[in-house]
Amino acid sequence: MFIDSPLITGSLTSTDQFVVPFGISGSQTSNPRSGSLFFNLTDDKLISFNGSTWANVGGAAAAEEAVPYDIEYLVVAGGGGSNFGAGGAGGLLSSSLSSIESGTSITVTIGAGGTAGVGGGAYAGDGGNSIISGTGVTTVTAIGGGGGGGGDVDKPGHDGGSGGGGGLQTNNTSTTIAGGSGTVGQGNNGGTGLYQGTPLQTGGGGGAGAAGTRPNGGIGLQSSITGTSTYYAGGGGGAARSNSAGTGGNGGGGAGAVWSANGTPGSTNTGGGSGAIRSAGGSGVVILKMLTSKHSGTTTGSPTITTDGDYTVIKFTASGTYTT
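**Q** How would you explain the packing of aromatic side chains if you had to name every residue and give the values?
**A** Aromatic rings considered in pairs are described by the distance between their centres and by the relative angle of their planes. Within this structure, the stated rule accounts for one aromatic pair. Here lysine 289 stacks its cationic end above the ring of tyrosine 311, 5.4 Å away from the centre of that ring.

The following block contains the structure:
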């Protein structure tokens, strides 16, 4: 109810009081006059109506008053490159940043995919880390996927978010080549490679949802943070001497190739591992999600911004920032 106070004339002494209407947030009149005053007991703020909105007296609009809020995230690192062994998927982390204050600058770093190994003994590149960081923000680091093993030196798969697949042995001293180890809570181990046996195959890269085998890549994990269930961080498929090369794991893992051909690269912005032989891993991705009522609209790096019901989704495919 609107209370029409009489005009106050004269001067107030130090002991006089003028009591304005008060109540919890939102209980003020729905049809105020310009200049109306109301004391908001929820926020302990005196607010006034300026003709279009209620605003804190001497401050910003009451509806925009800075209140800490949570931000859901998905962070996926770059997938590993392949040589004879397949690349492991980038590490995957999903949770929330809690009670983030207004004005906080959140820096997003997107991990690149690992480079392809060139030649039997060349080292395949590991994927780059994807990171969320900022002052007052708990740093979140997803580890890049391990590169696949070679054929002369550096034969085992590399460790990483998920491990790279084992490569080849050039003599008869060993029949299996170890895959790389995944990082606990982010991914899984790569599959073993094989020197001799039937069929002759190399290890698939580990994925966020399962270990790699010989020769298939491990499956990734599904996330619905964008509003659509999508796989991320699948391992690359291993190579084969005959026509039985490995498949890549769901989540951007590239398919392996038969000898003398190149495998399929990991898919861009999925953190997928590369398929053997000699291909590059997929780059990573970072996705933030918050109530649209809290979304500031302040970003750098040209992320894709969409909505999902009452939420705003910010998808970074390249490094940038979001300021709350």
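**Q** Mind laying out the side chain of serine 162, listing which residues take part and the relevant values?
**A** Inspection of the secondary structure puts serine 162 in the loop between β9 (140-142) and β10 (176-177). A relative accessible area of 0% means that serine 162 is categorised as buried. A polar atom in the side chain of serine 162 sits 3.0 Å from the backbone nitrogen of asparagine 188. When near neighbours in sequence (up to four residues on either side) are disregarded, serine 162 contacts Gly88, Ala89, Gly145, Gly146, Ser181, Gly182, Gly187, Asn188, Gly206, Gly207 and Ala208.

**Q** Give a description of unusual backbone geometry that names residues and reports values.
**A** Cis geometry marks the peptide bond from arginine 214 to proline 215, where omega comes out at 15°. Tracing the backbone shows proline 215 in the loop between β11 (193-194) and β12 (221-223). For the peptide bond that leads from alanine 276 to isoleucine 277, omega is 25°, which places it in the cis range. Inspection of the secondary structure puts isoleucine 277 in the loop between β13 (230-232) and β14 (285-291). Unusually for a residue other than glycine, serine 99 sits at a positive phi of about 50°. Mapping serine 99 onto the fold places it in strand β6 (residues 92-100). You will see that serine 260, though not glycine, has its phi angle at about 80°, which is positive.

**Q** Go over the nonpolar core, please, and point to the residues and values.
**A** In this structure, Ile71, Leu97, Ile132, Val286, Leu288, Phe316 and Tyr322 are the most contacted members of the largest nonpolar core, which totals 20 residues. With four residues, the single largest contributor to this core is strand β5 (residues 69-76). Contacts of valine 286, omitting those with residues within four sequence positions, involve Leu74, Val75, Val108, Thr109, Ile110, Ser130, Ile132, Ile314, Lys315 and Phe316. Ranked by size, the runner-up nonpolar core spans 11 residues in total, among them Ala208, Tyr232, Val285 and Ile287.

**Q** Hey, could you go over the sheet that holds strand β17 (residues 311-316) for me, with residue numbers and the actual values?
**A** The strand order across the open sheet built from five strands is β6-β5-β14-β17-β16, with neighbouring strands paired in antiparallel fashion. The sheet is open, and its two edges are formed by β6 and β16 (304-308), each paired on a single side. Direction aside, neighbouring strands of the sheet carry axes that sit 20° apart on average. Both β5 and β6 contribute to a ladder of seven bridges, which runs antiparallel. The residue of β6 that forms the bridge with glutamate 72 is serine 96.

**Q** Could you give me a rundown of the sheet that holds strand β18 (residues 320-323), with the residues and numbers involved?
**A** Strand order in the open sheet formed by five strands is β9-β8-β7-β18-β15, with antiparallel pairing between adjacent strands. Two strands lie at the open edges of the sheet, namely β9 and β15 (298-300), each paired on one side alone. Across the sheet, the mean angle separating the axes of adjacent strands is 10° when strand polarity is ignored. Sheet topology note: the strand β8 (residues 130-133)/β9 ladder contains three bridges and is antiparallel. In the sheet register, isoleucine 131 faces β9, and the bridge partner there is threonine 141.

Procedures and definitions
Sequence order sets the numbering: in each chain, residues are counted from 1 along the sequence as written. For a predicted model such as this one, the threshold for reporting local features is a pLDDT of at least 70, and the threshold for listing and counting side-chain atom pairs is 80 or more; totals across whole chains, interfaces and linings nevertheless cover every residue. Derived side-chain values reflect all non-hydrogen atoms in the structure, with water molecules and hydrogen atoms excluded from consideration. Here is the rule: rings of Phe, Tyr and Trp (six-membered ring for Trp) pair when centre to centre is within 6.5 Å. Planes less than 30 degrees apart are stacked, more than 60 are edge-to-face, and the remainder are tilted. Each ring is checked for a lysine NZ or an arginine CZ that lies within 6 Å of its centre and within 35 degrees of its normal; such an atom marks a charge sitting over the ring. A helix here means a DSSP run of H or I that spans at least four residues, while a strand means a run of E at least two residues long, and both kinds are numbered starting from the N terminus. Accessibility here uses a 1.4 Å probe with only protein chains present; expressed as a share of the type maximum, an area under 20% marks a residue as buried, one over 50% as exposed, and anything in between as partly exposed. Polar contacts, as counted here, are pairs of nitrogen or oxygen atoms within 3.5 Å of one another; within protein the pair requires one atom able to donate a hydrogen and one able to accept it, and residues that are adjacent in sequence qualify only if both atoms are side-chain atoms. Between two residues, a contact is recorded if the distance between any of their heavy atoms is within 4.5 Å. Among buried residues, the Ala, Val, Leu, Ile, Met, Phe, Trp, Tyr and Cys ones that are joined through side-chain atoms within 4.5 Å form a nonpolar core. For two strands to be treated as a pair, DSSP must find at least two bridges joining them. Only the stretch in contact is used when a helix axis is fitted, and all axes are lines through C-alpha atoms; the angle between N-to-C directions ranges over 0 to 180 degrees.

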